[in-house]
Every structure is written in C-alpha cells, then in structure tokens.
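Notes for the structure review
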Amino acid sequence: MDEGLKITFLGTGTSQGIPIIGSTHPVCLSDDPKDTRLRVSVSISWQGNSYVIDCGPDFRQQMLAHPVDRLDGILFTHEHADHTAGLDDIRPYFFRQGDIPIYAHERVARSLRRRFDYIFADTNRYPGAPCVDVNLVENNRTIQLGGISVIPISARHNRIEVFGYRFRDFTYMTDVKTIAEEEIDKIRGTKVLVVNALRKEAHHSHFNLEEALAFVEEIKPETAYFTHISHLLGFHEEVERELPKGVHLAYDGLEINL
Ligand SMILES: [Zn+2]
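Within each chain, residue numbers correspond to sequence positions counted from 1 in written order. The model is predicted, so local features are restricted to residues of pLDDT at least 70 and side-chain atom pairs to those at 80 or more, both for listing and for counting; the totals for chains, interfaces and linings are taken over all residues.

1. Considerations on the overall build of the chain
Counting from the N terminus, the helices are DSSP H or I runs at least four residues long and the strands are E runs at least two residues long. Per the secondary structure count, the chain includes nine helices and 14 strands. The C-alpha atoms of the chain give a radius of gyration of 18 Å, which matches the 18 Å a tight globule of 258 residues would have. For the chain, the C-alpha atoms occupy an extent of roughly 55 × 45 × 40 Å along the three principal directions. A pair of residues counts as a contact when their C-beta atoms, built from backbone coordinates, are within 7 Å of each other. Contacts in the chain between residues at least 24 apart in sequence constitute 61% of all its contacts with a sequence separation of at least 6. Within these notes, the globule rule equals 2.2 Å times the number of residues to the 0.38 power, and the radius of gyration is based on C-alpha atoms.

So this is what it looks like as structure tokens:
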C-alpha cells in the first residue's frame, strides 16, 4: 500500500457554508460545483490510518461523500460550532469501533464536555450515545499518530488560541488571524500548506486573501491551498485565475497525495 499521505478536502467553506440559506448572492446561486462549500474539514489517511481535522455540522454528509470505513480519531482546531457541531454523528464509527479518540486543546475539550454532556457522561449514559476518548493537545508537544509525529501549531483566531497540525510535509491551518514567529518556524519546509483565506475585505478573526498570500510568501511551500472561504471572496474560477503560481483555492472533494 502507498506509504504517503492522502488528503481529502471534505469542506472548504466558512461558518455558514456556501450557498448560504436564502441568499441570492451570485456566488450562492452559482452552478459551478466548486462554488458549493461545506464547513471546513479534511481527512488524512496513510497506511491504514484515518483521521479527520474538525467535525463540523456537515460531518455526516462528508463521510457519506468520501467514506472511510474506520475513523482513528478527530483532531480539533478549536471549539467554534462550524468545527465541532457534527460530533454526535460519529455514532456509526463508535458502534463499530468503540470510544473514538479526540485530540483537542484543554479549553476545547471543556467546551465539548459542556455542549455534548451526554457524550461525556460517566453515569446514566443514554443508550446509543457515542463516547470519546479525550487526548489533550498542548503546544510544543508532538502527538504520535500511526507512526507520524504530528506537530501542533499555535495561532490566534482573534482572542482565542487555535491549533493547526503538521503531518510530515503537510500543514493544515484554519481560522488564523495572527501567528507568532516561533510557530511559523515549525511550518517551514512544509511542501503543502493549507490556510484560511476568508474574503478580500479585512476581518477581525480571519486572514483575508492578502494576509493569506503574505503568509504563503513567508512559508514558501511548493503548493498552497486556501480554505474557510466566504461567498464574498468571489467565484472559484475567477479568484483561482488571479492567484500566483503554486497557490490555489481548495474545493470540496479535492484530493492530494504526498
Ligand atoms: Zn471557522
């Protein structure tokens, strides 16, 4: 079997997804499938290992579109609903495999415990509720997953700390607004970089297109993909044409191997 990483973009849209419910914006009405974006998530698999980063409200639909027969764990970037609201839908995996490992910042784990109390309950468990095995993610401590040392990368999403993750030469960052120099050093040398680029206008908690391009320029990966995209960024095809060589907009269903 291929020893490399296979990455599938399960979703590349911002928090409301594209199209937005009820919107008449031309991008929301576009019939280009690349302008339809579920909430952000990627699956990463290698040598029989299978992980996803984030588990948003579209998780079920994403797993039906890109099925994996087992799920070895979920790595969370942060607790916002567009990254976590699908947690209940791990049930089919839980029924087949038992407790599903999750990897999260201590604050994120606390938030999940509050919002999905029945998943974390020790007593009087509701029959059929899924169960998770919590692994806390700390900065400057690698996570061992299926023979890979995964490096958490700390960044700021306005006031909160978010984690990106580096798997060998693949780095996935989303919901970044600022990042410290020592964290950037952890990404250097990555061949493929994924980062959020919300829209052209500035935003208080997200890189806009210009900031995302500057970040790519600093890291200089072979290839960069933008994700967490708002309909306000514009039509996929038009924006893609304006991007420099080696920089692309990700789209739902895009697969890369490295
Ligand atoms: Zn988000």
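2. Re the nonpolar core
For this entry, the nonpolar core is defined as buried Ala, Val, Leu, Ile, Met, Phe, Trp, Tyr and Cys residues connected by C-beta atoms within 7 Å. Think of it as a crowd count around each C-beta: if 20 or more other C-beta atoms lie within 10 Å the residue is buried, if 12 or fewer it is exposed, and in between it is partly exposed, with C-beta placed from the backbone throughout. Val42, Ala104, Val195, Ala197, Ala212 and Phe226 are the most contacted members of the largest nonpolar core, which has 62 residues in total. Filtering out sequence-adjacent residues up to four positions away, Phe226 remains in contact with Val195, Ala197, Ala212, Leu249 and Ala250.

3. Examining the UniProt feature "domain: Metallo-beta-lactamase" (unreviewed entry) in the chain
In this structure's numbering, the residues bearing the UniProt feature "domain: Metallo-beta-lactamase" (unreviewed entry) are residues 47–228. Helix makes up 27% of residues 47–228 and strand 29%, and the two end C-alpha atoms of the span are 28 Å apart. UniProt positions are given in the numbering used here, feature names are shortened, and annotations may be inferred rather than shown by experiment.

4. Notes on unusual backbone geometry
Most peptide bonds adopt trans geometry, and most residues besides glycine take a negative phi value. Along the chain, Ile18 connects to Pro19 via a cis peptide bond; the corresponding omega equals 0°. For Gln47, which is not glycine, the phi torsion reads 40° and is therefore positive. One can find Gln47 in the loop between strand S2 (41–46) and strand S3 (49–53). Accessibility expressed as a C-beta count within 10 Å gives 13 for Gln47, which makes it partly exposed.

5. Observations concerning the pairing of strand S1 (residues 6–11)
The pairing criterion is simple: DSSP has to find at least two bridges between the two strands. As judged from the three bridges shared by S1 and strand S14 (residues 255–257), these two strands associate in the antiparallel manner. Looking at the pairing, Ile7 lines up with Ile256 of S14.

6. A closer look at the environment of Ile151
Relative to the assigned elements, Ile151 resides in strand S8 (residues 148–157). The spatial distance from the C-alpha of Ile151 to the C-alpha of Leu243 is 28 Å, given a sequence separation of 92 residues. In this view, Ile151 contacts Thr142, Arg166 and Lys186; residues no more than four positions away in its chain are not counted.

7. Some thoughts on the sheet that holds S3
The sheet built from seven strands is open, its strands ordered S6-S5-S4-S3-S2-S1-S14 with mixed pairing. The strands lining the two open edges of the sheet, one partner per strand, are strand S6 (132–136) and S14. Adjacent strand axes in the sheet meet at a mean angle of 20° when their direction is disregarded. With five bridges joining them, strand S5 (residues 100–104) and S6 adopt parallel strand pairing. If you follow Ile102 over to S6, its bridge partner there is Val134. All axes are obtained by fitting lines to C-alpha atoms, using only the stretch in contact for helices, and the reported angles, taken between N-to-C directions, cover 0 to 180 degrees.

8. Some points on the environment of Ala212
Mapped onto the fold, Ala212 is located in helix H8 (residues 209–219). What makes Ala212 buried here is the crowd of 23 C-beta atoms within 10 Å. Those residues in contact with Ala212 that sit more than four places away from it in its chain are Val195, Asn196, Ala197, Phe207 and Phe226.

9. Some details on the sheet that holds strand S12 (residues 223–227)
Hydrogen bonding along the main chain pairs the strands of a sheet, whether they run parallel or antiparallel. Pairing in this open sheet of seven strands is mixed, and the strands run S7-S8-S9-S10-S11-S12-S13 from one edge to the other. Every other strand in the sheet has two partners, leaving strand S7 (143–145) and strand S13 (247–249) as the edge strands with one partner each. Averaged over all adjacent pairs, the angle separating strand axes in this sheet is 25°, with direction ignored. Where S12 meets S13, three bridges bridge the pair, whose relative direction is parallel. By the bridge assignment, Phe226 is partnered in S13 with Leu249.

10. A closer look at helix H5 (residues 106–115)
Here H5 has its buried residues at Val108, Ala109 and Leu112. Taken end-on, H5 shows its buried residues confined to a sector of 100°, consistent with a single buried face. Exposed and facing more than 90 degrees away from the buried side of H5 are Glu106, Arg110 and Arg114. Packed against the buried residues of H5 are helix H3 (81–84), S5 and S6. Taking the helix axis as origin, the arc is that swept by the directions to the C-beta atoms.

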